[in-house]
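What the coordinates show
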Amino acid sequence: MFGAGGGTSSYREAEDADLLVMWGSNAREAHPIFFHHVLKGVRNGARLYAVDPRRTTSAQWADAWLGIHVGSDISLANAIANEIIEAGLVNEAFVNRATTGFDAYAAAVKPYTLERAERDTGVPAELIRQLAHDYARADRAQICWTLGITEHHNAADNVFALINLALLTGHVGRYGSGLVPLRGQNNVQGGGDMGAIPNKLTGFQDFEANAEARARFEAVYGAPIPPEKGWHLSLMFEAMERGELTACYIIGENPLRSEADTARARKLLSGLEHFVVQDIFLTDTAELATVVLPATATWCEAEGTVTSSERRVQRVRKALEPPPGARDDIEIICEIARRLGTDWGHPSAEDAWNELRTLSPMHAGMSYRRLEELGGIQWPCYDEQHPGELFLHARLWEEDPARRGAPAPFTPVEQEPPVDELSPEFPIRLTTGRRLDSFNTGVQSGHYATPLRRPETLDLSPEDADRLGLAEGEVAKVSSRRGSLEVPVHIDEVLRAGLAFMTLHFPDQVATNVLTLDAWDPKSGTAEFKATAIRVDKLTAPVQGGDESQRAEVEA
């Protein structure tokens, strides 16, 4: 997959693009630093398209907003592709040299006419045509996406649909053009790079398919590595439900608040025989734990590295001593190993990194010295003379087949509706997201005050609020097929009729994920947070305690 800034060397290239497509990304609020570069690109003359169900603060900067129905991304992408093909705008030289499967892909997207896409997505056919032609004709074009694309039951297929567009037009592997997945949290990229994926060793080495890599790790670790892939998070919860997973060790995560279907998550985590949480705060998840291990804030109280979405590995330097009782993550893990009978000594962060460099070819040339001297290096970096790979997929432009390597495949995908269907009982589509002032489940950002912050609300369109007889600030009952909440209403003109919005930043006020569905994508394991069917009811009596006592009820 063309991830990790796969088509671009740096976020700053957005400043030099001719066309930018923000697809399912409200970067103005969720990735504000990156959005500064987008705005510089706009001021330099780039056209900006926003594909989003809401007319977000990002979309308000765009030349055109494609107000798509939630979950209809593939229909839109396939229609754009079909229009590019029908209009003769395919980059044929690139497609013929660097890709495979074009004929099957062209046949798959042919039924996705502009008229069909308009019915599926709610976006006018002429606007879809305009985006298709502008994207194909641009010299430098980028598609940026984030959780609006990936928090669906067909998350990987949504991403493949965008990758197909880049392959069709050659907008990948060269300056100013590419695919830009914006990571949802700091160092998510680094976690994946280090092997926090069920079928990968460090450096994305597949331990099911790559026996040689597995043998190298086994030699260093002194223990066998089972060749069968493990469970991702959604499968772990299913294993808890079966009674197959009875112990869990969570480091720096708050799944009680971040998982879809909060009631189910609480029940399963509470039922574990042994539950360990290692964190810098006593989160709601940690309060359920058998053992809590206080850790350091790694961004300022520990040494190490961090990897950005553009593949750049950078040093993290200790600036503060941790509070009494807190210990470095490496120290905690090594102490647990010692008590289990294996003495790993007292490795520093640099010691651990140097061991990693011997096992992960794409990190081999990244010594601490070079990271310091160069201000970070983009992987892959194969030796200490290698500068790091500026364009991850630049090889696709090589004329020499040996240097070009394996071609990039087109991956035909088909439109599928959200799992949680709208019905007369649940007629409104709830989507979720983030706000500029807050972060994730609020564990970190909730500890400081900001004039930007307002309490959690159910955001409704003016049309829906009027139809339901609801006024600004009035408390309403919101129900899904999983549970109910009582929450104040905010009337928001960025929403169209039939669409509602909430965040998960304030679970102490409103446990939004009581409503959301835990259906997940079989390819990525990501739950469908973005497409919940809800009903909104006007309360006949005032709620005691006002907005300080919103309550969550779980349906039997």
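This brings us to the packing of aromatic side chains. Applying the stated criterion to the full structure yields 5 aromatic pairs. With 5.8 Å between their ring centres and 50° between their planes, F204 and W379 make a pair best called tilted. Here W379 lies in the loop between strand 14 (377-378) and helix 19 (401-404) and F204 lies in the loop between strand 7 (200-201) and strand 8 (205-206), a separation of 175 residues in the sequence. For F204, a relative accessible area of 29% puts it in the partly exposed group. Among the residues examined, W379 registers a relative accessible area of 7% and is labelled buried. An aromatic cluster of at least three residues, connected via ring pairs, comprises F102, Y105 and F410. The cationic tip of R54 hangs over the ring face of F501; the distance from NZ or CZ to the ring centre is 3.7 Å. Between the NZ or CZ atom of R116 and the centre of the ring of Y112, over which it lies, the distance is 3.9 Å.

The next thing to look at is the side chain of H171. Tracing the chain through its elements places H171 in the loop between helix 9 (155-169) and strand 6 (178-181). At 2.8 Å, the side chain of H171 and the backbone oxygen of Y135 are in polar contact. Within the structure, H171 has its side chain in polar contact with the side chain of S177 (distance 3.3 Å). Those residues within four positions of H171 in sequence are excluded, and the remaining contacts are Y135, A136, A138, D139, R140, A141, A166, S177 and G178.

Under the criterion given, the structure shown has 35 salt bridges. For E244, the salt bridge is made with R242, and the minimal N-O distance between the two is 2.8 Å. Using a relative accessible area of 48% as the deciding quantity, one classes E244 as partly exposed. A salt bridge links R467 to D464, with the nearest nitrogen and oxygen atoms 3.3 Å apart. Taken together, the positions of R467 and D464, both in helix 20 (residues 462-468) and 3 residues apart, correspond to about one turn of that helix. Given a relative accessible area of 51%, R467 falls into the exposed group. Each of E303, R315, R317 and E372 takes part in salt bridges that share partners, so that together they form one network.

Our next topic: the sheet that holds strand 14. Here we have 3 strands laid out as an open sheet, ordered 12-13-14, and antiparallel in their pairing. Each edge of the open sheet carries a strand with a single partner, namely strand 12 (304-307) and strand 14. Examined bridge by bridge, strand 12 and strand 13 (residues 312-316) share 4 bridges and lie antiparallel to one another. In the strand pairing of strand 13, V306 is matched with Q314.

As a further point, take the packing of helix 3 (residues 73-86) against helix 5 (residues 102-109). Where helix 3 meets helix 5, the closest approach of the two axes is 9 Å, and the angle between their N-to-C directions is 115°. What the angle tells us is that helix 3 and helix 5 run roughly perpendicular. Here helix 3 and helix 5 pass one another in a crossing that is left-handed. Packed against helix 3, whose contacting residues are N78, A81, N82 and I85, the element helix 5 presents F102, Y105, A106 and V109 at the interface. Residue classes in the contact of helix 3 with helix 5 are distributed as 6 nonpolar, 2 polar and no charged.

How each quantity is defined
Residues numbered from 1 in each chain as written. Predicted model: local features only at pLDDT ≥ 70, side-chain atom pairs only at ≥ 80, totals over all residues. Heavy atoms only, no water. Phe/Tyr/Trp six-rings, centres within 6.5 Å; stacked < 30°, edge-to-face > 60°. Helix = DSSP H or I, 4+ residues; strand = E, 2+ residues; numbered from the N terminus. Buried < 20%, exposed > 50% of the residue type's maximum accessible area, 1.4 Å probe, protein only. Lys NZ or Arg CZ within 6 Å of the ring centre and 35° of its normal. Polar contact = N/O pair within 3.5 Å; in protein donor to acceptor, adjacent residues only side chain to side chain. Contact = heavy atoms within 4.5 Å. Salt bridge = Lys/Arg side-chain N within 4 Å of Asp/Glu carboxyl O. Pairing = 2+ DSSP bridges. Axes fitted to C-alpha atoms, helices over the stretch in contact; angles between N-to-C directions. Parallel < 35°, antiparallel > 145°, perpendicular 65-115°, else oblique. Left-handed = near helix turned anticlockwise from the far one by under 90°. Nonpolar A, V, L, I, M, F, W, Y, C, P; charged D, E, K, R; others polar.

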